[in-house]
Amino acid sequence: MLIAGNWKMNTDLPGAAKLAEEVVEALGDPGPVQVAVCPPFVSLDAVFGALRGSSVKLGAQDMHFEEGGAYTGEVSAAMLRSVGCTYVILGHSERRQYFGETDEHVNKKVRQALAHELVPIVCVGETLKEREAGQERHVVKGQVERAVESVVLSDPARLVVAYEPVWAIGTGKTASPAQAQEMHAYIRRLLAEFLGEHLAGNIHILYGGSMKPANADELLSQKDVDGGLIGGASLQAGAFAAIVAAGKSQS
Ligand code: 13P
């Protein structure tokens, strides 16, 4: 079970350090649940400091696929490693929607992250229009297939997939537990096809989209839901800790 907080473009430097401290305090002992927080780039270093001595890991929200050089405004995998990142969110629907990120970019980033021993949290998910047209499996299949193309993986812990239906992000609408389970099982079958049965059985597949303490139990109790990628609720330490506690009770 992995519960990760995506803070998106929220918190300034002191606010991020404070939230990280509050998260550590609110969590207590997360037991077998792996926990990560993904603050904005400028706060990674400070949050890493605030997490020291706890089991909470650090993640970034994006990175560039090149090693380095003349790419103004970008951040490399090695830079993320140097500030203590374990995870990096890749292909979030907000990056795809607002910043023109393509499946090809996502694939290059996944391979670059793996080469630098960062664990990619690869986001996939359909829009409302695509679901209403009955295209959700087709869309998700394409995203998963292209994200892992040419990826060589020997350890399932090196890759995480997050199913985030776009219509459920920040809208208060959550996929029903049955809808989540159905898509997660499908993603696991796809991963088995592309990466092999053994790896697929052990890769964490997270659900993301308006997960909060009130619905976390039901979602996390689904067989193929191995955790959550939490947006809004991860900005309140108490709510985030309650979701981790829900995960603990399901582990
Ligand atoms: P919300 O939890 O705010 O819906 O955001 C989900 C998300 O996009 C996490 O990456």
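The present account deals with the structure reproduced in this document.

Rules and cut-offs
Residues numbered from 1 in each chain as written. Predicted model: local features only at pLDDT ≥ 70, side-chain atom pairs only at ≥ 80, totals over all residues. Heavy atoms only, no water. Axes fitted to C-alpha atoms, helices over the stretch in contact; angles between N-to-C directions. Helix = DSSP H or I, 4+ residues; strand = E, 2+ residues; numbered from the N terminus. Parallel < 35°, antiparallel > 145°, perpendicular 65-115°, else oblique. Left-handed = near helix turned anticlockwise from the far one by under 90°. Contact = heavy atoms within 4.5 Å. Buried < 20%, exposed > 50% of the residue type's maximum accessible area, 1.4 Å probe, protein only. Arc of directions from axis to C-beta. Polar contact = N/O pair within 3.5 Å; in protein donor to acceptor, adjacent residues only side chain to side chain. Core = buried A, V, L, I, M, F, W, Y, C linked by side-chain atoms within 4.5 Å. Pairing = 2+ DSSP bridges. Right-handed = clockwise from strand over helix to strand, strands pointing away.

## Details of the packing of helix H10 (residues 213-220) against helix H11 (residues 237-250)
Step number 1: Closest axis-to-axis distance for the H10/H11 pair is 9 Å, and the angle between their directions is 25 degrees. When the interaxial angle is binned, H10 and H11 end up roughly parallel. Classified by chirality, the crossing of H11 by H10 is right-handed. Together, Pro 213, Ala 216, Asp 217 and Leu 220 of H10 and Ala 239, Ala 242, Ile 243, Ala 246, Gly 247, Ser 249 and Gln 250 of H11 make up the contact between the two elements.

## With respect to helix H2 (residues 44-51)
Step number 1: Three or more residues of H2 are buried, namely Leu 44, Val 47, Ala 50 and Leu 51. All buried residues of H2 fall inside an arc of 120 degrees around its axis, so they share one side.
Step number 2: Against the buried residues of H2 lie helix H1 (13-27), strand S2 (34-38), strand S3 (57-60), helix H3 (77-82) and strand S4 (85-90).
Step number 3: The first or second residue beyond H2 is Gly 53, which carries a positive phi of 90 degrees.

## Notes on the side chain of Ser 76
Step number 1: Mapped onto the fold, Ser 76 is located in the loop between S3 and H3.
Step number 2: At a separation of 3.1 Å, a polar atom in the side chain of Ser 76 contacts the main-chain amide nitrogen of Met 79.
Step number 3: Apart from the residues within four sequence positions on either side, Ser 76 is in contact with Glu 66 and Glu 67.

## Side note on the nonpolar core
Step number 1: One finds Leu 80, Ile 187, Leu 191 and Tyr 207 to be the most contacted residues of the largest nonpolar core, which totals 71 residues.
Step number 2: Counting residues per element, this core draws most heavily on helix H8 (residues 177-195), at eight residues.
Step number 3: When near neighbours in sequence (up to four residues on either side) are disregarded, Leu 80 contacts Phe 41, Leu 44, Ala 60, Asp 62, Met 63, Val 75, Cys 85, Val 88 and Leu 118.
Step number 4: Counting residues in each nonpolar core, the second largest holds 13 residues, with Leu 2, Val 119, Cys 123 and Val 160 among its members.

## Notes on the pairing of S4
Step number 1: Among the six residues in S4, five count as buried, and that is most of the element.
Step number 2: One ladder, built from three bridges, connects S3 with S4; its direction is parallel. Following the sheet pairing, Gly 59 is matched in S4 by Tyr 87.
Step number 3: Read from S3 through H3 to S4, the crossover connection turns out right-handed.
Step number 4: One ladder, built from four bridges, connects S4 with strand S5 (residues 119-124); its direction is parallel. The residue of S5 that forms the bridge with Tyr 87 is Val 119.

## Re the pairing of strand S7 (residues 204-208)
Step number 1: For S7, a buried count of five out of five residues is recorded, marking the element as mostly surrounded by other parts of the structure.
Step number 2: Here four bridges tie strand S6 (residues 160-163) to S7, and the two strands are oriented parallel to one another. From the neighbouring strand, Val 160 faces S7, where its bridge partner is His 204.
Step number 3: Looking at chain direction, S7 and strand S8 (residues 227-230) are connected through two bridges and run parallel. Bridge pairing in S8 places Tyr 207 opposite Gly 228.
Step number 4: Handedness of the crossover joining S7 and S8 through H10: right-handed.

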